[in-house]
Amino acid sequence: MWSKPLPLTRFFILICAFGFSATLFAHGVDDNTKQFLLANQGVSIIPYMYIGAKHMVTGYDHLLFLVGVIFFLYRSKDIMVYVTLFTIGHSLTLMFGVLYDIAMNPYLIDAIIGFSIIYKGFDNLGGFKRVLGFQPNTKAAVMIFGLFHGFGLATKIQEFEIPKEGLFENLIAFNVGVELGQFSALILVLIALSFWRRHPSFLRFSTATNALLMSSGVMLVGFQLTGFFTTV
Amino acid sequence: MTQLEQTGSTQHELEHSVQSTQTLVKASAFAGLFGALILTVAILPAEYNIDPTGIGASLGLTALANAAPLEPTKQTVTGQAGEFQKHSTEITVPAGKGLEYKLNMLKGETILYSWNSSGGELFFDFHGEPKGDKTGYFESYTVSTSDTIRGSLTAPFDGSHGWYWENKGSSPITVSLKIAGNYEIIGIK
């Protein structure tokens with residue numbers, strides 16, 4: 001179904017174009033957002049939603065993992081199932097982590113998120129089946145890594161001592177924004193993938209692409225672990 | 001496609017293939033080596049100024065890591081703008097209007113001030129706005145209605161500090177303001 005351009009596609013491309021920013025960050029939030037979060041009091045739904053969406057659209061660690069997850073998913077039903085599992089996973093820990101103020105080292109969490117990309121790239125190559133002799137449950141993996149991605153999102157919120165007043169509402173708004181951002185980024189990735197899948201180069205380069213995915217995971221893990229060992 | 005072995009498993013509906021051990025080793029070795037290479041020559045030098053190979057420095061990447069921590073110290077070194085000085089000035093607040101008179105002060109600089117208004121009381125908000133802030137954030141030190149005030153302020157942050165006066169009456173009110181301390185006048189806004 002992805003080979004036919006959907007009527008809504010143009011609309012989503014527009015949304016995505018608005019959501020995209022030239023600056024990318026895998027860790028932390030930019031200065032203006034920081035100023036806003038520090039100065040903000042009470043409930044502000046739309047700004048928190050925007051921050052959540054922006055974080056997701058510009059957070060390449062989450063996006064790389066999602067690219068890995070949907071790389072070999074052809075049916076829209078499968079995509080829905082896996083993305084839903086990922087969403088449930090990260091929403092749970094995002095809400096739980098912030099509301100119960102669970103202290104987590106952002107570097108370690110982001111290193112695990114980097115590892116999730118390596119895992120998925122290796123999994124896409126059939127690596128686990130080859131090495132272990134069986135395929136570890138892919139749905140469980142997406143869900144479990146989703147939990148870690150959510151803790152990653154939670155640490156971003158925890159970096160600011162956001163007033164307790166309106167925390168729950170703001171958090172929900174941030175979470176909704178994260179899903180909106182994920183949705184718009186996903187549409188873009190799916191459009192690109194569905195075009196690519198029609199060419200023979202998709203299968204020819206799928207191994208190389210997943211190897212590249214793994215190497216970007218290696219970079220993220222190295223980057224975050226170095227951060228952990230140099231700043232603690 | 002022919003050399004690929006389909007999984008065809010029903011438990012997980014992934015239509016992807018299991019690569020040969022040789023391909024897996026190659027792909028994993030490439031991922032590890034390429035990732036480590038970019039990490040050591042580019043990411044670590046640019047982000048943390050960790051440059052074991054020296055390549056990061058020759059590419060000019062370590063400058064990125066060094067640039068960030070310098071900024072705050074630069075502000076305090078160049079921030080000698082507010083020398084000790086004294087001023088007295090008169091500001092007329094038109095009827096039914098409000099205006100601001102601001103001073104530039106660095107964090108820790110202190111002023112002594114006094115003002116009194118002739119012709120009636122004024123609502124005022126003595127406040128500061130952090131330098132570079134775009135969110136409209138400000139911190140109020142005193143908000144009241146009066147015709148005479150004296151006091152001192154030690155700036156809690158770099159930025160513009162001063163008074164907003166609002167004349168709720170029907171005739172103009174003149175404020176005579178006296179300031180002494182370390183500051184730089186911005187004036188009426």
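Structural notes, computed from the coordinates. (Residues numbered from 1 in each chain as written. Chains lettered and ligands numbered in written order. Predicted model: local features only at pLDDT ≥ 70, side-chain atom pairs only at ≥ 80, totals over all residues. Heavy atoms only, no water.)

Considerations on the overall build of chain A
Helix and strand content of chain A: ten helices and zero strands. Shown N-terminal to C-terminal, the secondary structure of chain A runs as helices and strands in the order α-α-α-α-α-α-α-α-α-α. Within the span of chain A, comprising 232 residues, buried residues form 54% of the whole. Counted over contacts in chain A with a minimum sequence separation of 6, partners at least 24 positions apart contribute 86%. Carbon and sulfur atoms form 72% of the exposed surface of chain A, whose accessible area is close to 10600 Å². (Helix = DSSP H or I, 4+ residues; strand = E, 2+ residues; numbered from the N terminus. Buried < 20%, exposed > 50% of the residue type's maximum accessible area, 1.4 Å probe, protein only. Contact = heavy atoms within 4.5 Å. Areas by Shrake-Rupley, 256 points an atom, 1.4 Å probe, with all protein chains shown as cover.)

Section: the sheet that holds strand β5 (residues 110-118) of chain B
Residue and element names in this part refer to chain B. Strand order in the open sheet formed by four strands is β3-β10-β5-β8, and the pairing between neighbours is antiparallel. The outermost strands of the open sheet, each flanked by one partner alone, are β3 (84-93) and β8 (148-154). When the angles between neighbouring strand axes are averaged without regard to direction, this sheet yields 15°. Alignment of β5 against β8, held across seven bridges, turns out to be antiparallel. Across the sheet, isoleucine 111 pairs through a bridge with leucine 153, a residue of β8. (Pairing = 2+ DSSP bridges. Axes fitted to C-alpha atoms, helices over the stretch in contact; angles between N-to-C directions.)

Re the packing of aromatic side chains
Under the criterion given, the structure shown has 23 aromatic pairs over all chains. Taken together, a centroid distance of 6.3 Å and an interplanar angle of 70° make the contact between Phe72(A) and Phe202(A) edge-to-face. Residue Phe72(A) is located in the loop between α4 (60-70) and α5 (76-99), and its partner Phe202(A) is located in helix α10 (residues 201-231); the two are separated by 130 residues in the primary sequence. Judged by relative accessible area, which is 5%, Phe72(A) ranks as buried. You can call Phe202(A) buried: its relative accessible area is 2%. Here a set of aromatic residues connected by ring pairs shows up, and it is made of Phe65(A), Phe86(A), Phe115(A), Tyr119(A), Phe122(A), Phe128(A) and Phe145(A). It is Arg197(A) that lies over the ring of Tyr74(A); its NZ or CZ is 4.4 Å from the centre. Taking the ring centre of Phe123(B) as reference, the NZ or CZ of Lys168(B) above it sits at 4.6 Å. (Phe/Tyr/Trp six-rings, centres within 6.5 Å; stacked < 30°, edge-to-face > 60°. Lys NZ or Arg CZ within 6 Å of the ring centre and 35° of its normal.)

Some details on the pattern of salt bridges
Residues and elements named next belong to chain B. Tallied over the full model, the rule gives five salt bridges over all chains. For lysine 102, the salt bridge goes to glutamate 100, with nearest N and O atoms at 3.9 Å. Accessibility expressed as a relative area gives 0% for lysine 102, which makes it buried. Taking relative accessible area as the criterion, glutamate 100 reaches 17% and is therefore assigned buried. The structure contains a network of salt bridges with shared partners spanning Glu100, Lys102 and Glu129. (Salt bridge = Lys/Arg side-chain N within 4 Å of Asp/Glu carboxyl O.)

A look at the sheet that holds strand β4 (residues 98-105) of chain B
Strands pair in a sheet through their backbones, by hydrogen bonds, and they do so in one of two ways: parallel or antiparallel. All names here are of chain B. A sheet is described by the order of its strands in space; here five strands give the open sequence β7-β6-β9-β4-β11, paired in antiparallel fashion. The strands lining the two open edges of the sheet, one partner per strand, are β7 (139-146) and β11 (184-188). Shown here is a sheet whose adjacent strand axes are inclined to one another by a mean of 15°, direction ignored. Looking at chain direction, strand β6 (residues 122-130) and β7 are connected through seven bridges and run antiparallel. Bridging across to β7, histidine 127 finds its partner in serine 140.

Here's the deal with a nonpolar patch on the surface
All names here are of chain A. There is a patch of nonpolar side chains on the surface, built from Phe96, Leu99, Tyr100, Phe168, Ile172, Val176 and Leu180 and spanning about 670 Å² of accessible area. Secondary-structure elements contributing two or more residues to the nonpolar patch are α5 and α9 (167-197). Take the nonpolar patch: its biggest share by element is four residues, from α9. Topologically, tyrosine 100 is positioned in the loop between α5 and α6 (106-124). (Patch = residues over 30% accessible without salt bridge, like charges linked within 9 Å, V, L, I, M, F, W, Y side chains within 5 Å.)

Regarding the interface of chain A and chain B
If you look at the interface, chain A gives 37 residues, while chain B gives 35 residues. Summed over both partners, the interface of chain A with chain B buries about 3000 Å², with 66% contributed by carbon and sulfur atoms. For the chain A face of the interface with chain B, the top three residues by lost area are Arg130(A), Met219(A) and Phe223(A), together amounting to 20%. Scanning the region where chain A abuts chain B turns up zero salt bridges. There are five residue pairs in polar contact (both at pLDDT 80 or more) connecting chain A and chain B. For the side of chain A that touches chain B, the secondary structure elements donating two or more residues are α2 (31-39), α5, α6, α7 (127-132), α8 (138-158) and α10 of chain A. The element contributing the most residues to the side of chain A that touches chain B is α10(A), with 13 residues. (Buried area = accessible area lost by both parts, 1.4 Å probe. Polar contact = N/O pair within 3.5 Å; in protein donor to acceptor, adjacent residues only side chain to side chain.)

Section: the side chain of Ser160(B)
Residue and element names in this part refer to chain B. By the secondary structure assignment, serine 160 is in strand β9 (residues 159-166). Given a relative accessible area of 10%, serine 160 falls into the buried group. Of note is the side chain of serine 160, whose polar atom sits 3.3 Å from the side chain of lysine 102. Setting aside chain neighbours within four positions, we find serine 160 in contact with Lys102, Leu103, Asn104, His127, Gly128, Glu129, Ile186 and Lys189.

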